[in-house]
Amino acid sequence: MNNILLSIIIPTYNRPHFLPRAVNSALQQTMKEVEVIVVDDGSDEPVSLPEHSRLSVIRLVKNSGNAVARNVGLKAAKGQYVTYLDDDDQLLPSMAQVSLDALKNTTLPKPVAALSGLEVIKPDGEVIDRRLPPTLPLGSHFFLEDIEPGKSYLSKQTLVVERELLLEIGGYDESFTSRVHTEMFLRLNPVCSILGLSTVTYQLTAHEGPRISRNPALRQVNFERLMDKHESLYKLHPQTFATFLCDHAEKSVELGQPKAATLSLLRAMKLDFKPTLRRIQSLSTYILRSYTKQVLREAFSNN
């Protein structure tokens, strides 16, 4: 294939029921200078897809994690730009065209990567949320800067970035088994402007199937790893960091991790006392219930 402008990389693991939809949405882009690379991260049954001239499949011998699969696809890509598609999500047909046209016409300091809008949908297609990304100039710290109302950092799946630049910053950190997007963006934005687009190009499917983000143990380990690696950046943004810690605490409560939630809230209080206190007041009842459930579980398991 010649003149490939965009490589769409789809890491996948044990989702044969979702994968064909994702692949079809990537192949059905209005822009044809696109290749699709599926990286099978050691699925129990090897990926089986119809042959297509713009589709290739790479199978890893063993399950190595999302960051590894992403880097394998990145190194194999032939496009000037790359983007990633989760195997349970789908692209809208204009994703490639909208993103690359915007990058061609932007006046932001180069290099520039693009983020576009994202919809969260139910399996039946009903839209339940819409997220529009911010624009951040080169030298900013993605996730930590204040952004205008109505904008969201939770559209990171739509990233379109130059392949060589992503390789230069080391791709995805393979020591992380979750939070791989958050960690990578903290390295990308200081050397690359982020152009936020209001056009929705990506549909994220909300379902009850397995997700790395719902694994409590992985979530906490990688949270601490993220704090250790990027501590200097967090110290530059104490208020935003406090909010980030509070959000982590809230999710920890939902996942039955009251100790982790409490520690995060205590750290947040040192950074931004009053707002954190309000969050503690709203979460205190749920934390107490979670502690009680944890104690009861431990008591019954010891009997």
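**Section: the pairing of strand S6 (residues 112-121)**
The buried fraction of S6 amounts to ten of the ten residues, a majority that puts the element mostly inside the structure. Across nine bridges, S6 lies against strand S9 (residues 193-205) in parallel orientation. Its bridge partner lying in S9, glutamate 119 is registered against glutamine 203. Strand direction decides the pairing type here: S6 and strand S7 (residues 127-131), joined by four bridges, are antiparallel. By the bridge assignment for S7, valine 120 is matched with aspartate 129.

**A closer look at unusual backbone geometry**
Geometrically, the link from lysine 110 to proline 111 is a cis peptide bond, its omega value of 0° lying close to zero. For proline 111, the position within the fold is in the loop between helix H3 (95-105) and S6. Of note in the backbone geometry, asparagine 14 takes a positive phi value of approximately 55° without being a glycine. By the element assignment, asparagine 14 lies in the loop between strand S1 (6-12) and helix H1 (19-27).

**Examining the pattern of salt bridges**
All chains considered together, the criterion is met by 16 salt bridges. Glutamate 183 is the salt-bridge partner of arginine 187, the closest N and O atoms lying 2.8 Å from each other. Taken as a pair, arginine 187 and glutamate 183 lie in helix H5 (residues 180-188) at a separation of four residues, close to a single helical turn. Note that arginine 267 and glutamate 224 form a salt bridge whose closest N and O atoms lie 3.6 Å from each other. Here the residue arginine 267 occupies a position in helix H9 (residues 258-271), and glutamate 224 occupies one in helix H6 (residues 216-229), the gap between them amounting to 43 residues. Connected via shared salt-bridge partners are Asp173, Glu183, Arg187 and Lys229.

**Focus on the side chain of threonine 158**
As for its placement among the helices and strands, threonine 158 is situated in the loop between S7 and strand S8 (160-162). Threonine 158 gets classed as buried once you look at its relative accessible area, which sits at 0%. Apart from the residues within four sequence positions on either side, threonine 158 is in contact with Thr83, Met95, Ala114, Leu115, Ser116, Gly117, Leu118, Thr201 and Tyr202.

**Digging into the side chain of serine 264**
Summarising the element assignment, serine 264 is placed in helix H9. Setting aside residues up to four positions removed in sequence, serine 264 forms contacts with Phe223, Leu245, His248 and Ala249.

**Here's the deal with the pairing of strand S2 (residues 34-40)**
Among the seven residues of S2, seven are classified as buried, and the element is accordingly described as predominantly covered. Every second residue of S2 is oriented toward a common face, with Val34, Val36, Val38 and Asp40 on one face and Glu35, Ile37 and Val39 on the other, all of them buried. Alignment of S1 against S2, held across seven bridges, turns out to be parallel. Across the sheet, the residue bridging to leucine 6 is valine 34, located in S2. For the crossover that starts at S1, traverses H1 and ends in the parallel S2, the hand is right-handed. Here five bridges tie S2 to strand S3 (residues 55-59), and the two strands are oriented parallel to one another. Paired with valine 36 across the bridge in S3 is leucine 55.

**Looking at the packing of aromatic side chains**
Scanning the entire structure with this criterion turns up nine aromatic pairs. Considering the side-chain rings of phenylalanine 143 and phenylalanine 185, the 6.1 Å spacing of their centres and the 90° angle between planes classify their relative orientation as edge-to-face. Of this pair, phenylalanine 143 sits in the loop between S7 and S8 while phenylalanine 185 sits in helix H5, placing them 42 residues apart in sequence. For the pair formed by phenylalanine 143 and phenylalanine 185, the shared burial category is buried. Counting every residue linked through ring pairs, the aromatic cluster contains Phe142, Phe143, Tyr153 and Phe185. Across the ring face of tyrosine 84, the terminal group of arginine 70 is positioned such that the distance to the ring centre comes to 4.6 Å. A cation over a ring is seen here: arginine 225 above phenylalanine 176, with NZ or CZ 5.8 Å from the ring centre.

Procedures and definitions
- Residues numbered from 1 in each chain as written.
- Predicted model: local features only at pLDDT ≥ 70, side-chain atom pairs only at ≥ 80, totals over all residues.
- Heavy atoms only, no water.
- Buried < 20%, exposed > 50% of the residue type's maximum accessible area, 1.4 Å probe, protein only.
- Helix = DSSP H or I, 4+ residues; strand = E, 2+ residues; numbered from the N terminus.
- Pairing = 2+ DSSP bridges.
- Salt bridge = Lys/Arg side-chain N within 4 Å of Asp/Glu carboxyl O.
- Contact = heavy atoms within 4.5 Å.
- Right-handed = clockwise from strand over helix to strand, strands pointing away.
- Phe/Tyr/Trp six-rings, centres within 6.5 Å; stacked < 30°, edge-to-face > 60°.
- Lys NZ or Arg CZ within 6 Å of the ring centre and 35° of its normal.

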